[in-house]
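Listed below, chain by chain, are the residues.
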Amino acid sequence: MRYLCGGARLSKRRLLQHMISIIEKSKGRGSRIAITDNTGSYSYAQLLLEARRIAAAIVHRNGPFPGPVLFLVPSGFSYVATQWGIWLAGGIAIPVHTAHPAEEIAYLVQDTGARLFLYETSFAEKAQEACADPSVTIALTELDGPAAISLPEVRQTDDAMMIYTSGTTGKPKGVVISHLQLDTQLRSLSEAWAWHSSDRILNVLPMHHVHGVVNITCCALYNGAMLEMQPAFDPAYVAERMTSGELTLFMAVPTIYHKLIQHFQQLDARTQEAWQAGMRSMRLMVSGSAALPVTVLEQWRQISGHTLLERYGMTEIGMALSNPLNGIRKPGYVGTPLPYVAVRLTDEQNRIIEAPRSPGELQVKGDTVFRRYWNRPEETAKSFDGDWFRTGDIAERDEEGTYRILGRSSSDIIKSGGYKISALEIENALLEHPGVKECAVVALPSEEWGETIAAAITGDADTALLKDWLKERLAPYKIPRHFLHTDSLPRNAMGKLLKKEVKQLFQ
Ligand code: MCA
Ligand code: AMP
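About the cut-offs
Residues numbered from 1 in each chain as written. Chains lettered and ligands numbered in written order. Predicted model: local features only at pLDDT ≥ 70, side-chain atom pairs only at ≥ 80, totals over all residues. Heavy atoms only, no water. Buried < 20%, exposed > 50% of the residue type's maximum accessible area, 1.4 Å probe, protein only. Helix = DSSP H or I, 4+ residues; strand = E, 2+ residues; numbered from the N terminus. Pairing = 2+ DSSP bridges. Polar contact = N/O pair within 3.5 Å; in protein donor to acceptor, adjacent residues only side chain to side chain. Contact = heavy atoms within 4.5 Å. Near = heavy atom within 4 Å. Areas by Shrake-Rupley, 256 points an atom, 1.4 Å probe, with all protein chains shown as cover. Core = buried A, V, L, I, M, F, W, Y, C linked by side-chain atoms within 4.5 Å. Nonpolar A, V, L, I, M, F, W, Y, C, P; charged D, E, K, R; others polar.

## Notes on the pairing of strand β20 (residues 388-397)
- Burial analysis of β20 places 8 of its 10 residues in the buried class, the great majority of the element.
- For strand β17 (residues 360-365) and β20, the ladder comprises 4 bridges, and the chain directions are antiparallel. Residue pairing across strands places Val364 opposite Phe389, the latter belonging to β20.
- Looking at chain direction, β20 and strand β21 (residues 403-408) are connected through 5 bridges and run antiparallel. From the neighbouring strand, Ile394 faces β21, where its bridge partner is Gly407.
- Joining the antiparallel neighbours β20 and β21 is a turn of 5 residues, in which Gly401 adopts a positive phi near 85°.

Below, the structure written as structure tokens:
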């Protein structure tokens, strides 16, 4: 077994723990502040100590390499200490969003087969409702074990985390990322955006997706920077922190910039000027996870003086394309390949497209790219052409080699507020309701949300009751915002739903 015994093999253990580079890099940073959250400020030394405590307790309870470990912990110091603790124990860290209803979490329990589910005490009820086996769930405060226990030897090829992402096939799939892939993603972004220990960033994004977890949280701590963590987005709080002049970086989805613009517009002139002055000392603002409307980019440039750096990524690949840190950021474009990432465009026969301005599927290769969906070998195989991952996004390249995202190959994927949502998953949930006979879920364009979810249904379900019913089964951002009751749904001769025509029903 890959298991080391404490002091006797210290030098080897030191070498091997090097494999979790984000943790290794944090040693020696001592009393420097790593994280501030609503409960206080915590140094890198405190973070390492707490992560080791959690790791020792996990190994004591479940043994080394405990496999998938779910953790339901709000954004903050405890979240990161738990994630690192799972890594030090050799486990696969799977973040669970605090806003998800118990039924969605139960799916994660079942799909991962996790034998350990850690939760913060205030979420005890939800965790226990989601997981029927009481031997699996345990509160962080109850996690206990001998501090002197040996920690396992973790290799770069070991699985580090799993992020669930929606696809075209209904239920979300677990994207497995190894320590090597995570480390390469962090190196790539650190180089491209010149992360530095003097950086200070505020995270307001949810902690169950790559944007908040990797691009902000892990990048900040990998580089010895200071990370401010907030459990949710509040425009007034973001304005206050930017006004302080203490932040150097900010990263968010387009909807957040849209909401910040709205907030700015309703402030008095003096408050606006103070916010603008604070933003002048920031060095970079990034937008991603969904297309950034050029109107938002322009309005934000006028307010903040910053041209948002738009980049493109996906849960399966981390970040792939980015506008430059220094140089011209082209509005409407997502830039060129990031370090350690190779990108190509292919046509419908999967032939490589060389000519500029010829749309094709974007495919991505590199050590940043995941290798498998959890327990889904067939879907994994279908997603790759050799080492090339098929993103399903349609893009084109201009004469200078800069990429632009044109859309997606599937209309069953919706992007709302930066969240990727499967129309099929919502349709399946709707069909379980006794008052719904047929349904079709589509995306409607929205300036604020990118897209909003709309559901056309036949049957006699009451909209308000149906919404409440869905809220018990789906995450809040998966609930349709528009409902339409109709006598029949448009279908072709084969009985297939005509989603373009369904969309028109809403106009
Ligand atoms: C919430 N509301 C919505 C939506 N979400 N309405 C339409 N569409 C939606 N998607 C409604 C709520 O029902 C509520 O209405 C009101 O808006 C406020 O809800 P609340 O949840 O408070 O909204 P918020 O906190 O302002 O949230 C907006 C948000 C959030 C901060 C933009 O959606 C968010 O955190 N998005 C980021 C997701 C993300 O991190 N994606 C990255 C994945 P009412 O009051 O009437 O109930 S992509 C990724 O990781 C890849 C790798 C990448 O490239 O980055
Ligand atoms: P997710 O699976 O949640 O990681 O979402 C990834 C998807 O978000 C990609 O496949 C794209 O469709 C979309 N996306 C991410 N960044 C951008 C961007 N800058 N412009 C357009 N679409 C984007």
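Structure shown, so let's carry the discussion forward.
## A word on the side chain of Gln185
- Relative to the elements of secondary structure, Gln185 occurs in helix α7 (residues 179-192).
- Look at Gln185 and you get buried, because its relative accessible area is 4%.
- Within polar-contact distance, the side chain of Gln185 engages the backbone oxygen of Thr368 at 2.9 Å.
- Residues within four places of Gln185 in sequence aside, it is in contact with Ile177, Val214, Ile317, Gly318 and Thr368.

## Section: the site of ligand 2
- Lining the immediate surroundings of ligand 2 are 15 residues, of which Glu310, Arg311, Thr315, Asp393 and Lys415 lie closest.
- A distance of 2.7 Å separates an oxygen atom of ligand 2 from a polar atom in the side chain of Thr315.
- In this structure, an oxygen atom belonging to ligand 2 sits 2.5 Å away from a side-chain N or O atom of Asp393.
- The protein chains hide 92% of the 500 Å² of surface that ligand 2 would expose on its own.

## Things to note about the nonpolar core
- Ile22, Trp84, Trp87, Leu118, Leu221, Phe250 and Trp300 are the most contacted members of the largest nonpolar core, which totals 111 residues.
- Aside from chain neighbours lying at most four places away, what touches Phe250 is Ile201, Leu202, Val204, Val238, Met242, Ile256, Tyr257, Leu260, Met282, Leu284, Met285 and Val286.

## Some remarks on the site of ligand 1
- The immediate surroundings of ligand 1 are formed by 23 residues, with Ser289, Arg311, Ser416, Gly417 and Arg481 found nearest.
- Val210 is positioned with one of its backbone polar atoms (N or O) 3.4 Å from an oxygen atom of ligand 1.
- Compared with its free state, where it exposes 1100 Å², ligand 1 has 70% of that area covered by protein.
- Where the shell around ligand 1 is concerned, the elements lending two or more residues are α8 (210-222), α10 (254-265), β13 (309-314) and β22 (413-416).
- Of the residues in the shell around ligand 1, the class split is 10 nonpolar, 9 polar and 4 charged.

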